[in-house]
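One letter stands for each residue in the lines below.
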Amino acid sequence: MKTLLLVLLVTYVSANVEIPQLQAVEVIKEDEQIAEQTMLQMLRDHEDDHEMKNIFDLMAPGLEEFFKGMNNLTDEDMGLDSNSSTGFNEEISNIMWIVYGDMCEQGTEGCNSPFMGCNCHSYFNKLENPTCRNFPCSLAKWATDGSAAKLFRNIRVQKDLKGLIGAAMESVHPLMKMACQCNPELFSTAVSCAKNYDGKLIEGKKDWKEYKKSMRKIKFDSMIELAYVMFGAYCGNKEGVCLGSFQSLAEEFAAMMDRSCAGETEDQCNNFRRLSGGIYEFIIFLKDDEREKTMKSIVKNFYQFVPKEFWCGNKSCAAGYLSKYFNNNCCFRDAVEKFNVGMVGEAEKYIRSLLRAVSGGEIKIPGFGKMVRTKISQSVNPNRACKRMYYEAAEKCEDLGAF
């Protein structure tokens, strides 16, 4: 369950590029690590009294510490400067303008692109849709026109996960709306850029050899298929009809975590507190040295104790809150229906190949098998987990005109 919380906590930092001068990312990462360590220590301190202590009460101090540290960040900590056009200090701004020039100011007759690479520019220039063709430059403009700095400032003042997720998704909404127009060519072009990269970020023959070797190992076809279908579901259509719906859903999911850590409540449906017992059972399973730990057994036990309990453990919650905010959200229902066993298989192929590539073959995940793929698909889809509990409350969803 630690992963569930941390995924929400680090959503806004997970996509940042590694710029050493960007102090904000490092400071926020330190706060996240402190929060994680605090929660883990409290879990250890209370592992014998799980019948009396809800696990989210043990997580709450770590979450509180995280936001306290983030709210106390200064402009200097975050590398911000309200007097600059980018909103960042001079050192960071200089780097951002170099990247901007690389991505936006390459002529048609010549190319000097150490960051993005000339091959990549060539691939994007071949796209017919101007929004797609100029997407790399749009990213650079978003970073330099003050939008990125505004995101950092908005993040800093948030007091809960709902606000944090909302601020992040609202900030990138214009970029996502553009990207929805470019599915799947945006992903296939990005893959071509990666496979045939000719920029200067990689130096030395040995590094180039390792890079090209890694690229050959990655199953990009599976990644493109997964991205095409699932990003298409996230968008809904070329106009991004589902973007607002998924933002609301993500904010509500985050709010469930906020409520879970806020203490006891009469409402058992709009939070995760009722999952505490199942989470403890799963932890006990993992700690039991006498029980076999295979991919199949771990996924089976996790599904039984957490996702199935979430979707199917309370009939009133299924017919009420969970139907209202999840299953009767037509964009959500469309997306989870598309995340079927086949899509899980595509994700499996890509992830396994990626881990093998980046680890030099040292990390090898065993094949999932049909049962594991099925449980993963059921974990996000209430109609696959327990359809009868949602059937009567299900509203009709019209065709979204999706990809």
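Residues numbered from 1 in each chain as written. Predicted model: local features only at pLDDT ≥ 70, side-chain atom pairs only at ≥ 80, totals over all residues. Heavy atoms only, no water.

Caption draft 1: Spotlight on the pattern of salt bridges. Taken as a whole, this structure holds nine salt bridges when the rule is applied. Among the salt bridges present, the one from Arg352 reaches Glu348, with a minimum N-O distance of 3.5 Å. Here Arg352 and its partner Glu348 are both found in helix α21 (residues 341-358), four residues apart, which amounts to about one turn of the helix. The class for Arg352 is partly exposed, based on a relative accessible area of 25%. Measuring nitrogen to oxygen at the nearest pair gives 2.7 Å for the salt bridge that ties Arg373 to Glu348. Here the residue Arg373 occupies a position in helix α22 (residues 369-380), and Glu348 occupies one in helix α21, the gap between them amounting to 25 residues. (Salt bridge = Lys/Arg side-chain N within 4 Å of Asp/Glu carboxyl O. Helix = DSSP H or I, 4+ residues; strand = E, 2+ residues; numbered from the N terminus. Buried < 20%, exposed > 50% of the residue type's maximum accessible area, 1.4 Å probe, protein only.)

Caption draft 2: Main features of the nonpolar core. Phe56, Phe88, Trp311, Leu322 and Phe326 are the most contacted members of the largest nonpolar core, which totals 53 residues. At nine residues, helix α3 (residues 55-71) tops the list of elements feeding residues into this core. The residues touching Phe326, leaving out its near neighbours within four places in the chain, are Leu249, Phe253, Met256, Trp311, Tyr321 and Phe332. Formed by 17 residues, the second largest nonpolar core is a distinct cluster that contains Tyr100, Met103, Cys132 and Leu243. (Core = buried A, V, L, I, M, F, W, Y, C linked by side-chain atoms within 4.5 Å. Contact = heavy atoms within 4.5 Å.)

Caption draft 3: Here's a closer look at a positive patch on the surface. On the surface, Lys209, Lys212, Lys213, Arg216, Lys217 and Lys364 cluster together into a patch of positive charge. With respect to the secondary-structure elements, Lys217 resides in helix α12 (residues 205-217). Residue Lys217 is classed as partly exposed on the basis of its relative accessible area of 32%. (Patch = residues over 30% accessible without salt bridge, like charges linked within 9 Å, V, L, I, M, F, W, Y side chains within 5 Å. Areas by Shrake-Rupley, 256 points an atom, 1.4 Å probe, with all protein chains shown as cover. Lys, Arg positive; Asp, Glu negative; His and termini not counted. Charge placed at Lys NZ, Arg CZ, Asp CG, Glu CD.)

Caption draft 4: Examining the confidence of the model for the protein chain more closely. The share of residues in the protein chain with pLDDT of 70 or more is 85%, and the mean pLDDT across the chain is 88. Predicted confidence is poor over residues 1-23, with pLDDT under 50, and the contacts of this stretch with residues over four places away or in other chains come to 49 contacts. (pLDDT = per-residue confidence, 0-100.)

Caption draft 5: Local environment of α21. The end-to-end C-alpha distance of α21 is 26 Å, a good match for the 26 Å that 18 residues give at a rise of 1.5 Å each. Residues Met343, Val344, Gly345, Glu346, Ala347, Glu348, Tyr350, Ser353 and Ala357 constitute the buried set of α21. Considering only its buried residues, α21 is in contact with α12, α13 (220-235), α20 (330-338) and α22. Here α21 starts with a cap whose side-chain oxygen sits 3.1 Å from the backbone nitrogen of Gly342, and that cap is Asn340. Gly360, located one to two residues past α21, shows a positive phi value of around 65 degrees. (Expected span 1.5 Å × (residues − 1). Polar contact = N/O pair within 3.5 Å; in protein donor to acceptor, adjacent residues only side chain to side chain.)

Caption draft 6: The arrangement of the environment of Lys308 in detail. Among the secondary structure elements, Lys308 is positioned in helix α17 (residues 307-312). When its relative accessible area of 31% is taken as the criterion, Lys308 is described as partly exposed. Sequence-wise, Lys308 and Leu275 are 33 residues apart; in three dimensions their C-alpha atoms are separated by 9.9 Å. When near neighbours in sequence (up to four residues on either side) are disregarded, Lys308 contacts Tyr303 and Gly313.

Caption draft 7: Representation of the packing of aromatic side chains. Per the stated rule, a full pass over the model turns up 21 aromatic pairs. Note on Trp311 and Phe332: the rings are 6.1 Å apart at their centroids and 40 degrees apart in plane angle, and the pair reads as tilted. Residue Trp311 is located in helix α17, and its partner Phe332 is located in helix α20; the two are separated by 21 residues in the primary sequence. The class for Trp311 is buried, based on a relative accessible area of 4%. Residue Phe332 is classed as buried on the basis of its relative accessible area, which comes to 8%. Each residue in the set Phe56, Phe253, Phe272, Phe310, Trp311, Phe326, Phe332 and Tyr390 is aromatic and connected to the rest through ring pairs, giving one cluster. A cation sits over an aromatic face here: Lys293 above Phe285, 5.3 Å from the ring centre. (Phe/Tyr/Trp six-rings, centres within 6.5 Å; stacked < 30°, edge-to-face > 60°. Lys NZ or Arg CZ within 6 Å of the ring centre and 35° of its normal.)

Caption draft 8: Structural detail: the state of the cysteines. As enumerated under the stated definition, the model contains nine disulfides in all. Through a disulfide, Cys120 is tied to Cys193; the S-S separation comes to 2.0 Å. Across the S-S bond of Cys120 and Cys193 the torsion is about 85 degrees, and the bridge reads as right-handed. With Cys120 in helix α6 (residues 118-125) and Cys193 in helix α11 (residues 185-195), the pair connects residues that are 73 residues apart, well separated along the chain. The exposure class of Cys120 is buried, given its relative accessible area of 6%. Here Cys180 engages in a disulfide with Cys235; their sulfurs sit 2.0 Å apart. Negative torsions about the S-S bond denote left-handed disulfides, and the value of about -85 degrees found for Cys180 with Cys235 makes this one left-handed. Taken together, the residues Cys180 in helix α10 (residues 161-180) and Cys235 in helix α13 connect sequence positions 55 residues apart. (Disulfide = S-S within 2.5 Å.)

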